[in-house]
Amino acid sequence: MAQILQSTQKQVSRLVTALRIIVSSPVGIVRVTNAAMAKAQMRLRSSYCPAMPTSVAIEVTNLCSGDCVLCPVGQGRRSRSLGMIEWDNFTRLVDEVSPYVTFIGLYNWGEPLMHPRIYDMIEYVKARKIHAEVSSNLHNLETEDSERLVRSGLDVLGVALHGLSEETYRNYQPRHRFVDVINKVKAVCETKRRLGSQTPEIRLDYIVRSDNECEAPLLPDFAANLGVGHFLEETSLNLRLLPYDRTMKPRNVSEEQLRKERLELMDRWLPKDDAKVNPVYRMVRENGGIMPSGGQKIFQCTNPWHHMIICWDGDVDLCCGSYEKRYSVGNVFGASVREVWNNSRYRAARRSIRNKKQESDPWILCDVCPGMLL
C-alpha cells in the first residue's frame, strides 16, 4: 500500500510540474513534449536522439577564486585556456536552447560569480521562464550584491561549504575563512526576508571526507538554523587525473606507483564509514588501487540522452567529470546545438555506454569510463 501511495505521489508531482511548465511560458507545451520524448529515448537508449536536451549547463567562466584541494581547478591543472563567455555568445546560446530546455545551470569548472555580467545572465535566463541555478563558493559575493542576486530571480543557489568549522573548512579551502562564507549566506537570507522573496532557494553543498564526516550529522540542524537547505555529497578524488601533471601532460610514472598514489589518496580523504564512500572507490581500494576498465559499466549513465555541458569557449563536454579539452565532442559556436547533439561523437558516446560501439565510431571518453568518471 505504501509503495502504491508513493508511486501515486510521484505521478501527481510530475503532472503538477508539467502543468507548471506548460502555463509558465508560450513554449511550455513544446518543453513538456520534448521532456517526454527525452525520457523515452533514455529508456530506449537510442543512438540518434530526436528530442533535444532538457537541461544544459553553461560554464560562464572556468576562472575560480577557490582553492579546493581535490578539485583539478584548485590544484592548478590546466587543460584549456582560461576565460569568460562573451555576452553575445551567451544570449545567442540561451535563445537557441530556450524552446526546449527547462533547466540551465550557470556553472561547471569555475566560479560563476566572477563573471562581471552574471546577474544579467541570470535575468536573461529567467526572462525566458527557465529554471536557473548557480553553484558558488561565495568568495566573490560582496554584501551589497545580495540584493542584485535576489532580484535576479535565481531559483537555486548552491553554496560550496564542505565543513562546519574553521578547521574542516580550511582543510579543503586553505586560503578562505568559514565565517566569511556563513556571513554571506546570512546576508542573502536577510535580503530575501527584507524583499519578501522566496528565491533563491539556498542549499549548503557538503562533500563528506575523512576529516569532516564527524560534522556531517550536524549539517541538517546547522542549515535549518540558517533557514537554508543542505545536500551531502560523496567525495570525488579525480583519480583519473593522477597520471598527468598540472599541464595535463603524461607523467613518467609506472602503474605500480599510480596504484600506490591512488591508495594513499583514498586513505587520506575517503570517509571511514564505507556507507559514505562511492562503491567504485571501495572496489578500487579492495583491488589494490587498480582502476576499473571502461568495459565495466558499473553505473548506467544517462547524460548523453538528456543533458549537455557547454564550456565558456563553446566546447561541449559529455559530463561534468570531463576536464580535458581534447575530450570535447563539438563546439556550439561553430555549429548549432542540434547539430552537435547528434553528431558522430555524441552518437558514439551513447553506443559506448550501451557497449554497442561500431568499428567506424570515433574514440570517446565513455569508452574508458565505468559510468562515472573517478
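Quick summary incoming for the structure in this document. (Residues numbered from 1 in each chain as written. Predicted model: local features only at pLDDT ≥ 70, side-chain atom pairs only at ≥ 80, totals over all residues. Heavy atoms only, no water.)

1. Structural notes on the pairing of strand β6 (residues 229-234)
Turning to step 1, where the next piece is worked out: Relative to β6, strand β5 (residues 201-208) runs parallel, the two being bridged by 6 bridges. When the sheet's bridge partners are listed, Arg203 is paired in β6 with Gly229.
Turning to step 2, where the next piece is worked out: Each parallel crossover has a hand, and the one from β5 via helix α8 (residues 219-226) to β6 is right-handed. (Pairing = 2+ DSSP bridges. Helix = DSSP H or I, 4+ residues; strand = E, 2+ residues; numbered from the N terminus. Right-handed = clockwise from strand over helix to strand, strands pointing away.)

2. Section: the side chain of Arg209
Turning to step 1, where the next piece is worked out: Along the chain, the position of Arg209 falls in the loop between β5 and α8.
Turning to step 2, where the next piece is worked out: For Arg209, the side chain forms a polar contact with the side chain of Asp211, separated by 2.8 Å.
Turning to step 3, where the next piece is worked out: Those residues in contact with Arg209 that lie beyond four places of it in its chain are His162, Thr168, Asn171, Tyr172, Thr235, Trp269 and Pro271. (Polar contact = N/O pair within 3.5 Å; in protein donor to acceptor, adjacent residues only side chain to side chain. Contact = heavy atoms within 4.5 Å.)

3. What to know about the sheet that holds β6
Turning to step 1, where the next piece is worked out: Across the sheet, 8 strands lie side by side as β6-β5-β4-β3-β2-β1-β7-β8; this open sheet has mixed pairing. Edge strands, defined here as strands with exactly one partner in the open sheet, are β6 and β8 (316-317).
Turning to step 2, where the next piece is worked out: Each of β1 (55-58), β2 (103-105) and β7 (307-310) touches helix α3 (residues 87-97); the most contacted strand, β1, lies at about 175 degrees to it.
Turning to step 3, where the next piece is worked out: Running over the sheet, helix α7 (residues 178-195) touches β4 (156-160) and β5 and is turned about 160 degrees from β5. (Axes fitted to C-alpha atoms, helices over the stretch in contact; angles between N-to-C directions.)

4. Things to note about the packing of aromatic side chains
Turning to step 1, where the next piece is worked out: Scanning the model with the defined rule gives 8 aromatic pairs in all.
Turning to step 2, where the next piece is worked out: Among the aromatic residues, those joined into a cluster by ring pairs are Trp87, Phe90 and Tyr124.
Turning to step 3, where the next piece is worked out: Across the ring face of Trp87, the terminal group of Arg117 is positioned such that the distance to the ring centre comes to 3.9 Å.
Turning to step 4, where the next piece is worked out: The ring of Tyr124 carries the charged tip of Arg128 above its face, separated from the ring centre by 3.6 Å. (Phe/Tyr/Trp six-rings, centres within 6.5 Å; stacked < 30°, edge-to-face > 60°. Lys NZ or Arg CZ within 6 Å of the ring centre and 35° of its normal.)

5. Overview of the pattern of salt bridges
A side chain of one charge can pair with a side chain of the opposite charge if their charged atoms are brought near each other.
Turning to step 1, where the next piece is worked out: Tallied over the full model, the rule gives 27 salt bridges.
Turning to step 2, where the next piece is worked out: Taking the shortest distance from any N to any O, the salt bridge between Arg148 and Asp120 comes out at 2.6 Å. Of this pair, Arg148 sits in helix α5 (residues 146-151) while Asp120 sits in helix α4 (residues 118-127), placing them 28 residues apart in sequence.
Turning to step 3, where the next piece is worked out: Residue Arg148 is classed as partly exposed on the basis of its relative accessible area, which comes to 35%.
Turning to step 4, where the next piece is worked out: Two residues, Asp315 and Lys325, come together in a salt bridge whose shortest N-O distance is 2.6 Å. Here Asp315, found in the loop between β7 and β8, pairs with Lys325, found in the loop between β8 and α12 (337-341); they are 10 residues apart in sequence, far enough to count as distant.
Turning to step 5, where the next piece is worked out: Residue Asp315 is classed as buried on the basis of its relative accessible area of 8%.
Turning to step 6, where the next piece is worked out: We classify Lys325 as partly exposed; its relative accessible area is 37%.
Turning to step 7, where the next piece is worked out: When salt bridges with common partners are traced through the structure, they connect Arg80, Asp313, Asp315, Asp317 and Lys325 into a single cluster. (Salt bridge = Lys/Arg side-chain N within 4 Å of Asp/Glu carboxyl O. Buried < 20%, exposed > 50% of the residue type's maximum accessible area, 1.4 Å probe, protein only.)

6. Comments concerning the nonpolar core
Turning to step 1, where the next piece is worked out: Judged by nonpolar contacts, the single largest core of 66 residues is most densely connected at Ile58, Phe90, Ile104, Leu106, Val185, Leu204 and Met308.
Turning to step 2, where the next piece is worked out: The next biggest cluster of nonpolar side chains, apart from the first, holds 17 residues, and it includes Leu270, Val277, Val280 and Val284. (Core = buried A, V, L, I, M, F, W, Y, C linked by side-chain atoms within 4.5 Å.)

7. Looking at helix α10 (residues 279-286)
Turning to step 1, where the next piece is worked out: Of the positions making up α10, those classed as buried are Val280, Tyr281 and Val284. Projected down its long axis, α10 carries its buried residues within an arc of 100 degrees, all on one side.
Turning to step 2, where the next piece is worked out: Its buried side turned inward, α10 meets α9 (255-269).
Turning to step 3, where the next piece is worked out: Near the N-terminus of α10, the side chain that reaches the backbone nitrogen of Val280, with its oxygen 2.8 Å away, is that of Asn278.
Turning to step 4, where the next piece is worked out: Following α10 by one or two positions, Gly288 adopts a phi angle in the positive range, close to 70 degrees. (Arc of directions from axis to C-beta.)

8. What to know about the environment of Leu318
Turning to step 1, where the next piece is worked out: Relative to the assigned elements, Leu318 resides in the loop between β8 and α12.
Turning to step 2, where the next piece is worked out: Sequence spacing of Leu318 and Tyr346 is 28 residues, and the spatial spacing of their C-alpha atoms is 7.9 Å.
Turning to step 3, where the next piece is worked out: If we skip the residues at most four places from it in the chain, Leu318 touches Asn303, Val329, Tyr346, Ala349, Ile364 and Cys366.

9. A closer look at the environment of Pro250
Turning to step 1, where the next piece is worked out: Counting through the fold element by element, Pro250 comes out in the loop between β6 and α9.
Turning to step 2, where the next piece is worked out: When near neighbours in sequence (up to four residues on either side) are disregarded, Pro250 contacts Pro243 and Tyr244.

10. Re unusual backbone geometry
Turning to step 1, where the next piece is worked out: A cis amide bond, omega 0 degrees, links Thr199 with the succeeding residue Pro200.
Turning to step 2, where the next piece is worked out: Unlike most non-glycine residues, Lys129 shows phi in positive territory, near 60 degrees.
Turning to step 3, where the next piece is worked out: Mapped onto the fold, Lys129 is located in the loop between α4 and β3 (131-136).
Turning to step 4, where the next piece is worked out: Accessibility expressed as a relative area gives 48% for Lys129, which makes it partly exposed.
Turning to step 5, where the next piece is worked out: In this model, Met248 sits at a positive phi of 65 degrees, which is unusual for a non-glycine residue.
Turning to step 6, where the next piece is worked out: For Met248, the position within the fold is in the loop between β6 and α9.

11. Concerning the pairing of β4
Turning to step 1, where the next piece is worked out: Burial runs high along β4: 5 of the 5 residues are buried.
Turning to step 2, where the next piece is worked out: With 4 bridges connecting them, β3 and β4 associate as parallel partners. Following the sheet pairing, Ser135 is matched in β4 by Gly158.
Turning to step 3, where the next piece is worked out: Following the chain from β3 across α5 to the adjacent parallel β4, one finds a crossover that is right-handed.
Turning to step 4, where the next piece is worked out: Pairing of β4 with β5, which is carried by 5 bridges, proceeds in the parallel orientation. Opposite Val156, over in β5, you have Glu201 as the bridge partner.

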